[in-house]
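# What the coordinates show
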Amino acid sequence: MSEIKTQNVHIDSHEEHHDDHAHHETFISKYIFTTDHKMIGKQFLMTGIFWALIGGALSLIFRIQLGFPEADISWMRPMLGEWITPEGRLDPEFYLALVTMHGTIMVFFVLTAGLSGTFSNFLIPLQIGARDMASGFMNMLSYWFFFASSVVMFSSLFIETGPAAGGWVVYPPLSALEQAIPGSGLGMTMWLVAMALFIVSTLLGGINYITTVINLRTEGMSFSRLPLTIWAFFITAVIGLLSFPVLFAAALLLIFDRSFGTAFYLSDIYIGGEALPQQGGSPVLYQHLFWFLGHPEVYIVIMPAFGITSEVISTNARKPIFGYRAMVGSLLGIAFLSFIVWAHHMFVSGMDPFLGSVFMLLTLVIAVPSAVKVFNYLTTLWKGNIVFTPGMLFSIGLVSLFISGGLTGIFLGNSAIDIQLHDTYFVVAHFHLVMGSAAFFGMMAGVYHWFPKMFGRMINAKLGYVHFWLTFAGVYLVFFPMHYIGIAGFPRRYYTWSSFETFSNIFQDLNAFVTIAAIITFAAQFIFLFNFFYSIYRGRRAPQNPWHSNTLEWTTPIEPGHGNWPGAIPTVYRWPYDYSKPGAADDYIPQTVPYSETPESNTDFENELAALEKESGVEEVDETKE
Amino acid sequence: MDNTLLILGAFGAILILVILITVFRVITLVDVAKGSDKKRASGSNFNNALLMPIFGLLFLGGIFYYSWASFEDYKLPVASDHGVKTDELFWITMLVTGGVFVITHILLFWYSWRYRFSEKKKALFYPDNTKLELAWTIVPAIALTVLILSGLFVWNDITADAPEDAINIEVMGYQFAWGVRYPGNDGELGDYNYQLIDNTNSFGVNFNDKAALDDFMPLKLVIPKDTPINLNIRARDVLHSVFLPHFRVKMDAVPGMPTNFHFVATKTTDEVRSETKNPDFKYEMACTEICGRGHFSMRLEVEVLTKEEYKKWASEQKTWVNMNQDYFTEGNGKRFELPKLAEEGQENEEKLSVNAAL
């Protein structure tokens, strides 16, 4: 298909430069300090997979503690050393460190860097028709700051006082005072350094994504013709750019409080037998600053997954995504609202209850655009012609998880109900489904769907099916029971509940069940890992457009080089969702096919566009319309 | 012995891996031989489509069964005025969201099966429908407005100022326990300052304040039934959070920023004991804000008595001043105006009876 549109030759000045660049590419410039967005995307993906394994493994350790508190786990001593007590139990402080690092790793290193980093980098230039990112160098820096951040965070797992242990939100004073918990010593310092580097990486990446989407779209690729993936990545980057600096500020003030004796967050503290001199600070201030990022962050995590899902569902249902405008509108709505709902994490933090009312109102409003998304996905499936690729299965899984986890948000967003549910397992169930699992499923959908583009080979579908069904059943078996445990009032971040009669004698069996389900689900991920790495080297060669998709990335060579298209960049003539168009011979019409070539399927308006195309020698297309 | 097991285990794992890889190779080759890898949608498409409604059935069935069967386990007895209201909101929300949950999931799994791929048919080109989209924007918006409003009324009631006649009880969180302080006779809690805290005077009470002289600090939280209680909450070191699960009470304890939560207990401990047929039942207070190593063990026993029993109990409590006279003669307490204190403490002790407001 792609050959048709190269007729309008638009020579890119970079092109030759790129071509001869390829001749003296060394191993280092190709795989390590690369400026090619595709390779950088893969670097983010590999690092993300590494972190996902670490984050998942940490959760298994504390799940074993929760499921089988009486078990002798001395066998972990070769790995965990002194963190296993002489009685063969997990150290309670290390339990908190595990919970903290699991959260930090999953939210930031896997679902932010591993998801946005991978797919924004890989897909933005390919889907908008650009040679590369606006700044390849900044893009490279973005990865290497992330790498440096990863090294610091990973090292903190091995220090004597243990990694940060104040929960992934690291609320002061706990995180500010070494006397309060050993993890708040060197481990916390490393956490803050790693996060600072991470924020730099995110900002470098985000600026690049935004600039690239605005400036480097190919001929004819108006905003109204952008695939929803790109819309999602674009809006995600804007949210990140606006919110991460606030986290940076919060972290900086925390560093001051920890090391330079300031009192931004500290006041009236008596600890370790002495009254500290700091007065006038407020721990609640930190919470406001943290959640000003923290809440947008959950949308930073889920929105790219939405984008991927929209694209995959539309392609494999062989139907246009239902309500393209509403899908973009709901992304914009969610993005805007995500900035003004942060204090719903703080209903019982002691802040003014009136604020609680306001934030409850705004929070529940956010359910409306979310509901629109779900209904639009369902309608896209309705009367479709569904091909169940592994990517499609994971996308459908995402919709289910998003419904299940999203609905419990309506409980938690209601401040009156939240009084009881706050910081119980109900919250754990909620965000693991709606943010954790749903975003993870989006990431998996993306990996399966774009694997052929990334590596030029097909990933094995059957293993993909097995992986999907085990994971889908698995995450529900792990996280759904937590709702009941939460309704019964079990607080989160508890090493054991046996100190309380209220929480003893019930649900120990359910907790054990959850742990077993978690182990099986984790084990199932090795099916994916095997399939992934095996297929990179030994998978069947991919055809150019394996899913019969409309978007631009499938017009590149099977293994695109630096610069993506060997000849001119293709021109775009239509939106990306012309699937199963009445009258058309095939059930898809790529974006590069002009209306003048498809008279049989054009609407009246599109025929007018076709006439315009002819006038301008199939070159200029009116951007105002789709 | 251990090593043998380890070696056997490793061998087993490798063996399983080898078998799996072989099976995988065979399946791949069979696919290539049958040419099914070239088809748009092979037999797997049917199987995956079929698994969708089966999964949906097991999923929804499982949830309904378990929610029904273990209701007694997760339903926590409620013992406060406002708790009844928030529980009601909880179940109303459950009804609304549960309906949406079931319907959307039925559609999701049914469509997946019903509209599976077939070479013979073509999907419906259906890019938008403004009316439909408006409908499912407006209907959820209305439903949410109702939920928001009902929540708002309850929330405003709960967080309104404590009634004048409420008993003020101080709850202080520290690593890793709770302390409680009662106002004593005068119904007023004495001043405190964190810089006055020492090993004995763990609340940092300022005993130069007369109101402090009759304060007492028992080892559990005891409250009367049907009486407004206002918890004055603070923390000494890091964040903690007061959680009284049966009373649906939760409020963070923040160093440097006192918070409060008021509520009315509706059932005495004895009443719940007979109601649940559990003679050992005890109300408890837990911590729900991560606070360090002992976070999971910050338990405080809570007891609800009838008004009469409470009066009697309170009148039996000795003031802190009375119980810690050494502190004022020998310890750090010397810094307070001692002779006068001893006198008044004595006096108070004699007069001690419960607040007339009761």
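Parameters and conventions
Residues numbered from 1 in each chain as written. Chains lettered and ligands numbered in written order. Predicted model: local features only at pLDDT ≥ 70, side-chain atom pairs only at ≥ 80, totals over all residues. Heavy atoms only, no water. UniProt positions renumbered as here; feature names shortened; annotations may be inferred. Helix = DSSP H or I, 4+ residues; strand = E, 2+ residues; numbered from the N terminus. Pairing = 2+ DSSP bridges. Axes fitted to C-alpha atoms, helices over the stretch in contact; angles between N-to-C directions. Core = buried A, V, L, I, M, F, W, Y, C linked by side-chain atoms within 4.5 Å. Buried < 20%, exposed > 50% of the residue type's maximum accessible area, 1.4 Å probe, protein only. Contact = heavy atoms within 4.5 Å. Buried area = accessible area lost by both parts, 1.4 Å probe. Salt bridge = Lys/Arg side-chain N within 4 Å of Asp/Glu carboxyl O. Parallel < 35°, antiparallel > 145°, perpendicular 65-115°, else oblique. Left-handed = near helix turned anticlockwise from the far one by under 90°. Nonpolar A, V, L, I, M, F, W, Y, C, P; charged D, E, K, R; others polar.

## What to know about the UniProt feature "domain: Cytochrome oxidase subunit I profile" (unreviewed entry) in chain A
Cross-referencing UniProt, the feature "domain: Cytochrome oxidase subunit I profile" (unreviewed entry) maps to residues 27–573 of chain A in the present numbering. Between the C-alpha atoms that bound residues 27–573 of chain A the distance is 38 Å, and the span itself is 65% helix and 1% strand.

## Focus: the sheet that holds strand β1 (residues 167–174) of chain B
Residues and elements named next belong to chain B. The four strands lie next to each other as β2-β1-β4-β7, forming an open sheet whose pairing is mixed. Only two strands of the sheet have a single neighbouring strand rather than two, namely β2 (177–181) and β7 (259–264). Between one strand axis and the next, the sheet turns through 25 degrees on average, direction left out of account. Taken together, the six bridges between strand β4 (residues 228–235) and β7 define a ladder with antiparallel strand orientation. Paired with I233 across the strands is T259, a residue of β7.

## So, the nonpolar core
Within the largest apolar cluster, 284 residues are counted, with the highest numbers of intra-cluster contacts made by L90, F108 and F119 of chain A together with F247 and F263 of chain B. Element by element, the count of residues in this core is highest for helix α5 (residues 92–128) of chain A, at 21 residues. If we ignore the near neighbours within four places in the chain, the residues touching F119 of chain A are I124, F233, I308, M443, G446, V447, W450 and M454 of chain A. In terms of nonpolar packing, the next biggest core, distinct from the first, is built from 13 residues, F203, A212, L213 and F328 of chain B among them.

## As for the environment of L305 of chain B
All names here are of chain B. On the secondary structure map, L305 appears in strand β9 (residues 300–305). L305 gets classed as buried once you look at its relative accessible area, which sits at 11%. Considered as a pair, L305 and V222 are 83 residues apart in the sequence and their alpha carbons are 7.2 Å apart. Contact partners of L305, with chain neighbours within four places excluded, come to V222, I223, P224, K225, T268, Y310 and W313.

## Quick word on the UniProt feature "domain: Cytochrome oxidase subunit II copper A binding" (unreviewed entry) in chain B
Annotation from UniProt places "domain: Cytochrome oxidase subunit II copper A binding" (unreviewed entry) at residues 164–316 of chain B. Structurally, residues 164–316 of chain B comprises 12% helix and 34% strand, and the distance from its first C-alpha atom to its last is 25 Å.

## A closer look at the UniProt feature "transmembrane region" (unreviewed entry) in chain B
All names here are of chain B. The UniProt feature table records "transmembrane region" (unreviewed entry) at residues 6–28, 49–69, 89–113 and 134–155. Annotated as 100% helix and 0% strand, the span residues 6–28 places its first and last C-alpha atoms 33 Å apart. Along residues 89–113 the backbone is 100% helical and 0% strand, and the end-to-end C-alpha distance reaches 36 Å.

## Some words on the interface of chain B and chain A
Between chain B and chain A, the residue contacts involve 107 residues of the former and 125 residues of the latter. When chain B packs against chain A, close to 10,400 Å² is buried across both sides, 68% of that on carbon and sulfur atoms. In terms of surface lost to chain A, no three residues of chain B exceed W155, Y194 and F296 of chain B, which account for 8% of the buried area on that side. At the boundary of chain B and chain A, one finds four salt bridges.

## Regarding the packing of helix α2 (residues 43–69) of chain B against helix α4 (residues 81–114) of chain B
Helices that pack against each other are described as a pair by the angle of their axes relative to one another and the distance between those axes. Residue and element names in this part refer to chain B. The contact between α2 and α4 brings their axes to 7 Å, and the two run at 160 degrees. One element, α2, and the other, α4, form an angle in the roughly antiparallel class. At the point where α2 passes α4, the crossing takes the left-handed sense. On α4, the residues that touch F46, A49, L50, M52, P53, F55, G56, F59, L60, I63 and F64 of α2 are F101, V102, H105, I106, F109, S112 and W113. Tallied by class, the residues present in the contact of α2 with α4 amount to 15 nonpolar, three polar and no charged.

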